[in-house]
Amino acid sequence: MKQMLLAAAAVLALAAPSQAEETPQAGTASPPPAAPAPMAPLDLPGFAARLAQLPPPTGPSAWQGTASWNALLVAAPERRQEARWDHARALLGRGRAAEALGVLAVMRGADADLDRVAAFRLAEGVALTQLRRWSDAAVALAAPGLATNPEACAWRLRAFAGAGEAETALAELPCALPAINSRQGDARTPFVIAAAEQVIDAGRPQNALPWLQPLPDRDPAVNLLRGRALIATGALQDGRLRLERALVSGTAEQRADARLAMIEADLKQGNIAGAAALEKLDALRFGWRGGPVERRALRLSMRLAEELNDPRAALRAGAALFRYFNPGSEAGELLAQLQSVLASLLAADSALPVAEAAGLYWDYRELAPAGAEGDAMVRRLAERLQSESLYGRAAELLQYQLSERTQDVAQGPLSVQVATLHVLAGDPDRALRTLRDTEQPGYSPAMLHDRKRIEAVALQRLGRYEAAMAALESVPANGAIRAEFLWRRKEWGSFVAANAAALPGGGRLEPEAQTAVLRHAVALAMLGQEPALAALRGRYADRFAALPTASVFDALTQPSGSVDPEVLGRALAAIPAASPAGGLADLLDASEEAAAPQG
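Residues numbered from 1 in each chain as written. Predicted model: local features only at pLDDT ≥ 70, side-chain atom pairs only at ≥ 80, totals over all residues. Heavy atoms only, no water.

A.B. asks: Just give me the short version of the overall build of the protein chain, but keep the residues and values in it.
C.D. replies: Within the protein chain one finds 33 helices and 0 strands. The proportion of buried residues among the 599 residues of the protein chain is 45%. Long-range contacts, defined as pairs at least 24 residues apart, comprise 61% of the intrachain contacts of the protein chain with a sequence gap of at least 6. Looking at the protein chain as shown, the accessible area adds up to about 30,000 Å², and 54% of this sits on carbon and sulfur atoms. (Helix = DSSP H or I, 4+ residues; strand = E, 2+ residues; numbered from the N terminus. Buried < 20%, exposed > 50% of the residue type's maximum accessible area, 1.4 Å probe, protein only. Contact = heavy atoms within 4.5 Å. Areas by Shrake-Rupley, 256 points an atom, 1.4 Å probe, with all protein chains shown as cover.)

A.B. asks: Which residues make up the state of the cysteines, and what values go with them?
C.D. replies: Counted according to the given criterion, the structure contains 1 disulfide. For Cys153, the disulfide goes to Cys175, at an S-S distance of 2.0 Å. Because the sign of the S-S torsion sets the handedness, a value of about 75° for the bond joining Cys153 and Cys175 places this disulfide among the right-handed ones. Pair noted here: Cys153 is in helix H8 (residues 150-162) and Cys175 is in helix H10 (residues 173-181), with a separation of 22 residues, a long-range link. The partly exposed category is assigned to Cys175, whose relative accessible area is 21%. (Disulfide = S-S within 2.5 Å.)

A.B. asks: Residues and numbers for the environment of Ala471, please.
C.D. replies: Its place among the elements puts Ala471 in helix H26 (residues 465-471). Residues Ala471 and Ile454, 17 residues apart in the sequence, show an inter-C-alpha distance of 9.4 Å. When near neighbours in sequence (up to four residues on either side) are disregarded, Ala471 contacts Lys452, Glu455, Ala456 and Leu459.

A.B. asks: Account for the side chain of Gln411, with residues named and values stated.
C.D. replies: With respect to the helices, strands and loops of the structure, Gln411 is situated in helix H23 (residues 411-424). Within the local environment of Gln411, its side chain forms a polar contact with the side chain of Gln440, the two groups lying 3.2 Å apart. With near-sequence residues (within four places) excluded, Gln411 lies in contact with Leu402, Thr406, Thr438, Gln440 and Tyr443. (Polar contact = N/O pair within 3.5 Å; in protein donor to acceptor, adjacent residues only side chain to side chain.)

A.B. asks: Account for the nonpolar core, with residues named and values stated.
C.D. replies: The nonpolar side chains of a soluble globular protein tend to be buried with one another. Counting 91 residues, the largest nonpolar core has Leu315, Tyr361, Leu381, Phe485, Tyr540, Phe544 and Leu556 as its most contacted members. The element contributing the most residues to this core is helix H29 (residues 511-527), with 8 residues. Beyond its immediate stretch of four places on either side in the chain, Leu556 contacts Leu518, Ala521, Val522, Leu533, Leu568 and Ala571. Of all hydrophobic cores here, the second largest spans 59 residues; its members include Met107, Phe120, Ala169 and Ala194. (Core = buried A, V, L, I, M, F, W, Y, C linked by side-chain atoms within 4.5 Å.)

A.B. asks: So, the confidence of the model for the protein chain: which residues are in play, and what are the values?
C.D. replies: It should be kept in mind that the predicted coordinates are not to be read in detail where pLDDT is low. The share of residues in the protein chain with pLDDT of 70 or more is 88%, and the mean pLDDT across the chain is 82. Here residues 1-30 is modelled with pLDDT under 50, and outside its nearest four sequence neighbours on either side it reaches 25 contacts, counting other chains as well. Low pLDDT (under 50) marks residues 37-43, which in the prediction has 0 contacts with non-local residues, meaning those over four places away or in another chain. (pLDDT = per-residue confidence, 0-100.)

A.B. asks: Report on the packing of aromatic side chains, specifying residues and quantitative values.
C.D. replies: Aromatic rings considered in pairs are described by the distance between their centres and by the relative angle of their planes. Considering all chains together, one arrives at 5 aromatic pairs under this definition. Seen in terms of ring centroids, Trp155 and Phe191 are 5.0 Å apart; in terms of plane orientation they differ by 80°. Their pairing is edge-to-face. Of the two residues, Trp155 is situated in helix H8 and Phe191 in helix H11 (residues 189-201); the sequence distance between them amounts to 36 residues. Accessibility classification places Trp155 together with Phe191 in one group, the buried group. A ring pair is formed by Trp362 and Tyr400, whose centres lie 5.7 Å apart and whose planes are at 75°; its orientation type is edge-to-face. In this pair, Trp362 sits in helix H20 (residues 354-363) while Tyr400 sits in helix H22 (residues 391-405), placing the two residues 38 residues apart along the sequence. Tyr400 sits in the buried class, given a relative accessible area of 18%. The lysine or arginine in question, Arg158, covers the ring of Phe191, its NZ or CZ lying 4.9 Å from the ring centre. Looking at Arg365, its charged tip hangs above the ring of Trp362, at a distance of 4.1 Å from the centre. (Phe/Tyr/Trp six-rings, centres within 6.5 Å; stacked < 30°, edge-to-face > 60°. Lys NZ or Arg CZ within 6 Å of the ring centre and 35° of its normal.)

A.B. asks: With reference to specific residues and values, describe helix H14 (residues 236-249).
C.D. replies: Side chains that are three or four residues apart share a direction in an α-helix, a result of its 3.6 residues per turn. Compared with the 20 Å implied by 1.5 Å per residue over 14 residues, the 21 Å span of H14 between its first and last C-alpha is a close match. Every buried residue of H14 is accounted for by Gly239, Arg242, Leu243 and Ala246. The arc that holds every buried residue of H14, seen down its axis, measures 95°, which confines them to one face. Opposite its buried face, H14 presents the exposed residues Gln237 and Val248, each directed more than 90 degrees away. Elements in contact with the buried residues of H14: helix H13 (220-232) and helix H15 (252-269). (Expected span 1.5 Å × (residues − 1). Arc of directions from axis to C-beta.)

Okay, structure coming up:
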């Protein structure tokens with residue numbers, strides 16, 4: 001109980017301010033708030049200045065101190081930072097990095113100038129390296145004043161090694177040697193292992209064996225590296241025995257590493273085919289994720305997939321390597337390689353079915369080339385999807401392009417295309433959201449009119465007829481699409497008024513013009529407007545005479561005094577499908593088919 005109380009009190013002291021604080025006794029009135037303490041005189045330096053004046057840390061002695069909660073508890077306020085520093089160094093020496101990082105954070109909170117002190121940044125880098133936070137450690141250890149510090153070089157070597165940057169890690173070795181050689185026994189082993197592993201990864205395994213020779217014979221981590229180095233130098237049987245010993249006594253990660261090294265050995269000996277090795281590598285990654293082991297497995301998988309001419313497997317392995325591991329200086333080359341593989345799989349002449357190609361792009365879309373090349377890739381794929389009536393898939397593909405890769409007024413044409421595809425897919429509500437989300441003040445009048453036309457079609461499909469007609473108010477030459485809406489609603493009187501502008505003048509009657517005249521005749525017949533129907537007959541009879549639809553025109557414009565339903569039905573069926581509204585009418589037809597229930 002006494003130890004628990006002591007530790008609790010020390011925790012409070014750990015985060016206590018530099019000035020002593022008094023707590024009122026029970027039963028007494030609380031004193032008035034104290035006036036703000038005056039700033040410390042400039043001739044009383046803080047701990048940051050004192051730490052900066054000390055010799056730079058080097059060797060294992062740098063991380064020796066008194067890890068005592070009691071020392072923190074009894075330290076005078078002006079000596080508390082010094083006690084914290086001593087405590088943090090002792091924690092690092094014992095491998096209790098998380099606790100040490102907490103103490104260092106408290107120290108920084110009390111003195112922000114510590115961020116400018118090389119020794120303090122070195123301690124943070126040591127803690128982060130022990131916690132395997134490689135990138136953060138490399139940043140801390142790159143602080144000014146640490147470039148040629150042997151202790152910092154040694155820990156940077158381990159940080160870069162953990163991040164898989166073999167050449168960068170090895171570049172630290174000459175500077176790190178004094179700090180590594182100053183250590184003995186277990187304190188030296190992690191640094192030697194890190195250096196030896198990078199030598200092997202850099203393709204110089206023969207140089208690693210002398211480094212490993214003095215290390216313990218039964219250490220599984222050492223046996224792993226000995227096995228890999230021996231196999232790489234051709235001593236296959238001796239190397240395999242070392243790997244099997246690591247399998248017997250190693251951790252889960254070391255056993256996974258040993259199995260990976262055995263796959264590498266089998267490939268080197270020709271004992272396993274590439275396809276079988278790929279299967280084993282997939283099984284290995286299923287059981288172990290992360291760290292240097294998976295990174296090495298992914299690199300090998302990618303190389304084997306390329307040799308087997310399996311671009312999808314190569315893309316899968318390479319993308320995982322790029323996404324989850326730091327490729328370092330190889331990032332640009334790896335990305336270019338992956339983009340080339342992706343482009344070949346999505347090419348127009350690719351044997352990959354278009355639906356699978358779209359799924360592949362979606363899975364690896366962040367790897368697609370930027371700029372015009374990437375945009376062209378997406379457009380080609382969307383066109384293939386649309387040609388096979390996969391409107392929804394095409395819309396989703398271009399929706400990502402619209403929201404993530406297109407900015408400002410450049411969204412205008414693409415927004416119309418995406419909204420059109422959503423209507424074709426039977427999702428007019430999504431079409432309206434697309435148009436609303438891409439509103440811009442800089443669109444040209446022509447672009448605004450195109451967007452309004454698609455908006456009107458989407459509203460019509462949603463049954464919001466009045467809103468659809470209102471959307472067309474600002475669109476010039478809107479008679480044809482207004483007439484199309486009215487025709488579909490069988491509002492004959494309004495249709496006649498709107499369609500009058502679409503009636504053709506002189507010249508040959510094209511299918512769209514024939515449709516306009518024949519629909520006008522139907523509406524007039526339904527309204528019983530015999531004089532207008534007779535006028536229409538007199539205006540167009542001669543021009544219909546030589547057309548296939550002459551009999552339809554004649555039947556619709558005969559002065560009968562009443563509408564014959566049978567005659568009208570045959571006439572409606574014979575009216576050409578081409579609409580004066582052009583593509584917008586086709587869009588309405590296609591969206592109605594998409595929305596219709598499938599039997």
